[in-house]
Amino acid sequence: MNHPSIIQGGMGAGVSDWKLARSVSVQGALGVVSGTALDIILVRRLEQGDVDGNMRRALAAFPDQSVADRIIKTWYRSDGTSETHDFSNVPPRRLDNKPETAKMLDEIAVASNFVEIWLAKEGHDNPVGINYLEKIQLPNAPSIYGAMLAGVDYIFMGAGIPLEVPGIIDAYSRGEGATFQIHIEGAAKDEITQGVFDPRTVIASPPATLKRPFFVSIVSSFILAVTMLTRASGKVDGLIVEHHTAGGHNAPPRGVLQLDNKGEPMYGPKDTVDYAKIIGLNVPFWLGGSFSKKESLSETISQGAQGIQVGTLFAFCRESGLMPTLKRKFLETVRAGTAIVFTHPSASPTGYPFKLGVLDGTLSESEVYKKRTPLCNMGYLRELFKTPEGTIGYRCSAENKKAYVKKGGKLERTDEARCLCNALLANIGLGMKYASSYLEEPLLTVGTHLESLKELIQQVGLDYSSKDVILFLKSKGTVGAKI
Ligand SMILES: Cc1cc2nc3c(=O)[nH]c(=O)nc-3n(C[C@H](O)[C@H](O)[C@H](O)COP(=O)(O)O)c2cc1C
C-alpha cells in the first residue's frame, strides 16, 4: 500500500468538512473529515433547510432507510435558511440517558458520520480519512461505526491515548459490536465503567463485515508512540507526530506547567520528538505542526518520514467549512503581518493548551468572551466524575460557574474557559441564537507557523483553493514523493 505523503489534517468542528476532504482526496493527497460534533452538525444543516440537498442525498444512501426517514422527519425544516440559528437543543449524551434518547443519539451519530464520509468519497476512488478526539468519549464508538459503514479508509485519533480504538475497529470489521472503557475522574482503578455499542440497535440488518480502515495515532512524544504500538488493542498502522506549534489542541509541556511572560505554556527541548527514534519504530509516520514550508515535504521524506500533515493552510482555503468572512478577516491580518496566534493554557475545557487566532469580534477578545453567560448545552468536552454519593456526574469548566464548583470543579479553571462546543460551531455558520437574542460568537484556532500562509496568499491571493495549497506544498524539491 502506498500511503499518501500529504495529509490534510482533520480540523474540527466542521472546518475540514466533506467538501474540503473530497477536494483534497480527488487530487491524490489524503483528505480528512473532522469527526467532531458531526451529529449536531447534521441536525443543524437540516434545520438550515439543507438547501443544496446534500444531507438528504447522502441519507438516501444510508443502509437503514427507516433511520434516515426518522432523522429527516425530526430535524429537517423546509423553511430553514443559512440565517436560521434558533436550533433545537439535542440532549447531551449521558450514560443514564433514557433508552429512547440513547437510541436517537446513536442514530444521529452513526448516520452523520456515514453522511460525511459518503459525500467525501462520492465520485472518486481515492482514500478519505476521519479524525476523532479521544477526549470526547461518549459518541466515539457509534461515530466510528458510521464512518466505517461508509467505507472510510483511515481513522486518525489524538487528544488522549486511544488504546482501545484499534480493537473497536477490528470488532466492527468482523461485524461485531464493541465495548469500551469510560474514564471517570476520581474512580478507583478497579471501578470500571463500560460503554457498549451494538450496531443492531441502529441498523436492522448490519453488514456481516466491514472494511478495516488504517488506524493512525496522533502522538506528541516517543513514549506515547511506543505505548500505542505496544499496548493498543489492535494494529496501529501509522503515527502522526505532532509538534506543539500545530493548530487546535496541543499536548501540554512535559513536567510542571510554566508560563512565559505572555502567559503561554513554555515548551523545552524535552517536548521535541527525536525523529530518529521514531524511524526505529518501523511504522509509517507523518510530521505535523509547522511542516507547511516549501521544503517540508522533500525534507521529511528524505529523513525517513512518509510525509507531512498540514492544517492551517487548508483551514483558510476556499473549500473549508470556516465562514468566508472569518477566513478573510484573519487572512487580512496575515497579509498585513499583524496576525497573532496565542497558545492559551486554559481556554479549552479539556485542560490541554489550545491555539487561538486572535481576532476582533471573536472569543479571543476578553470583552466579547465576558459577554457570554456560561452555559453547557452540547457537552462534548464534559468531564465525567465520581460524585461523593458514588454516582457519575458531568461537569465542564465553561458551564455555569456555581454549578461547576458545586460539582467539585476548581473555580480557577472557569476563569478563562471558553465554550469550544458553541464557538467552533459558530466558526462554521452554525452558531446557536437564544431566545435572549444572544448569538454564539466564533473562536478561531490556527497553527503558529503563518509564514507559509503569508507566502501562499502573496502568490495566489486571499481566495485560494485546496489545489493551490497542494501545489505550494509540492513546489520545491519533491523528487521521489508519491502522492
Ligand atoms: C482550524 C484547525 C482545527 C483543528 N482541529 C483539529 C482536530 O479537531 N483534531 C486534530 O487532531 N487536530 C486538529 N487540528 C490540527 C491539524 O489537524 C494539523 O495537525 C495541524 O494543523 C498541523 O499543523 P499546522 O497548522 O502548522 O499545519 C486543527 C488545526 C486547525 C488549524
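Residues numbered from 1 in each chain as written. Predicted model: local features only at pLDDT ≥ 70, side-chain atom pairs only at ≥ 80, totals over all residues. Heavy atoms only, no water.

Digging into the side chain of Asp 50
- Along the chain, the position of Asp 50 falls in the loop between α2 (38-47) and α3 (54-59).
- A polar contact of 2.7 Å, which involves the side chain of Asp 50, links it to the side chain of Arg 56.
- Sequence-distant contacts of Asp 50, that is, excluding residues within four places in its chain, are made with Arg 45, Met 55, Arg 56 and Tyr 76. (Helix = DSSP H or I, 4+ residues; strand = E, 2+ residues; numbered from the N terminus. Polar contact = N/O pair within 3.5 Å; in protein donor to acceptor, adjacent residues only side chain to side chain. Contact = heavy atoms within 4.5 Å.)

Quick word on helix α7 (residues 165-173)
- Among the 9 residues in α7, 9 count as buried, and that is most of the element.
- Taken together, the buried positions of α7 are occupied by Val 165, Pro 166, Gly 167, Ile 168, Ile 169, Asp 170, Ala 171, Tyr 172 and Ser 173.
- Looking at the buried side of α7, the elements it contacts are α6 (140-149), β4 (154-158), β5 (178-182), β6 (193-197) and β7 (214-219).
- Following α7 by one or two positions, Gly 175 adopts a phi angle in the positive range, close to 85°. (Buried < 20%, exposed > 50% of the residue type's maximum accessible area, 1.4 Å probe, protein only.)

Concerning the pattern of salt bridges
- Inspection of the entire model under this criterion finds 26 salt bridges.
- Ionic pairing is found between Arg 77 and Asp 86, a salt bridge with its closest N-O pair at 3.0 Å.
- The residue Lys 103 makes a salt bridge to Glu 107 at a minimum N-O spacing of 3.0 Å. On the criterion of helical spacing, the pair formed by Lys 103 and Glu 107 is a turn pair, its members being 4 residues apart in helix α5 (residues 99-121).
- The class of Lys 103 is partly exposed, set by a relative accessible area of 36%.
- Residues joined by salt bridges that share partners form a network here, namely Asp 170, Arg 212, Lys 235 and Asp 237. (Salt bridge = Lys/Arg side-chain N within 4 Å of Asp/Glu carboxyl O.)

Here's the deal with the site of the ligand
- Close to the ligand lie 19 residues, the nearest being Glu 242, Ser 290, Gln 309, Gly 311 and Thr 312.
- In this structure, an oxygen atom belonging to the ligand sits 2.8 Å away from a main-chain N or O atom of Ser 290.
- Within the contact set of the ligand, an oxygen atom lies 2.8 Å away from a side-chain nitrogen or oxygen of Gln 309.
- Protein chains bury 95% of the 600 Å² of accessible surface belonging to the ligand in isolation. (Near = heavy atom within 4 Å. Areas by Shrake-Rupley, 256 points an atom, 1.4 Å probe, with all protein chains shown as cover.)

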